[in-house]
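# Analysis of the macromolecular model
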Amino acid sequence: MAFTKVCTLQNIPENKGLKVENGEASVAVFKVNGKVFAIQDLCSHGLWSLSEIGYLEGDAVVCPLHMGKFCVHTGKVTSLPPNRPLKKYPALVEGEDVYVAFDEGYIAE
Ligand code: FES
């Protein structure tokens, strides 16, 4: 698994996502209770950028366009209208640095 350094913990805004890209995938990283999660940046409903317009409500990512919600841990839909989950990406933190494995995106079962 190839992890790429994408940012530091301080770069990730409170209750919002930070878009990170590697040319193939656009990923939004979120911080919840000191842990970092990486999910596909585009809402599966209307392809809006969750890092730009979305926000955290507990451990749910809210897309305010139609108030769809996704679990930040799994990428699964927790509130309609979206009916497709978001891709998840492995993420890890070393010291202050945040890493994402862009080539390991998957849909959680
Ligand atoms: Fe995200 Fe509709 S575009 S919920």
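Please read all numbers here as calculations on a predicted model, not as lab measurements.

Cut-offs and rules
- Note that residues are indexed from 1 along each chain, following the sequence as it is written.
- Residue-level local features of this predicted model are given only where pLDDT is at least 70; pairs of side-chain atoms are given and counted only at 80 or more, and the full residue set underlies all totals for whole chains, interfaces and linings.
- Hydrogens and waters are ignored; side-chain quantities use all the structure's heavy atoms.
- Any Lys or Arg side-chain nitrogen found within 4 Å of a carboxyl oxygen on Asp or Glu counts as a salt bridge.
- Secondary structure elements follow DSSP: runs of H or I no shorter than four residues count as helices, runs of E no shorter than two count as strands, and numbering proceeds from the N terminus.
- Partly exposed describes any residue whose relative accessible area lies between the buried limit of under 20% and the exposed limit of over 50%, with all areas from a 1.4 Å probe on protein chains only and scaled to the type maximum.
- Pairing between strands requires that DSSP locate at least two bridges from one strand to the other.
- Helix axes are fitted to C-alpha atoms over the stretch in contact, other axes to C-alpha atoms as well, and angles between N-to-C directions run from 0 to 180 degrees.
- UniProt positions are given in the numbering used here, feature names are shortened, and annotations may be inferred rather than shown by experiment.

Counted according to the given criterion, the structure contains five salt bridges. Of the charged contacts in the structure, one is a salt bridge between E14 and K31, with a shortest N-O distance of 3.5 Å. With E14 in the loop between strand 1 (4-8) and strand 2 (18-21) and K31 in strand 3 (residues 26-32), the pair connects residues that are 17 residues apart, well separated along the chain. The exposure class assigned to E14 is exposed, which follows from its relative accessible area of 60%.

In spatial order, the strands read 1-11-10; together these three strands make up an open sheet with antiparallel pairing. Looking at the sheet topology across the chains shown, the edges are occupied by strand 1 and strand 10 (91-94). Going from strand to strand, the sheet's axes swing by 30° on average, the running direction of each strand aside. With four bridges joining them, strand 1 and strand 11 (residues 97-100) adopt antiparallel strand pairing. Along strand 11, the bridge assignment pairs C7 with V98.

Right, let's talk about the UniProt feature "domain: Rieske" (unreviewed entry) in the protein chain for a bit. Using the residue numbers shown here, the UniProt feature "domain: Rieske" (unreviewed entry) corresponds to residues 4-100. Spanning residues 4-100, this segment combines 4% helix with 47% strand, and its end C-alpha atoms are found 5 Å apart.

The subject of this paragraph is the sheet that holds strand 2. Pairing is antiparallel in the open sheet, where four strands are placed in the order 2-3-4-9. Across the chains shown, the open sheet's two edge strands, defined by having one partner strand only, are strand 2 and strand 9 (88-89). When strand 3 meets strand 4 (residues 35-40), the two strands line up antiparallel, connected through six bridges. Along strand 4, the bridge assignment pairs A28 with I39.

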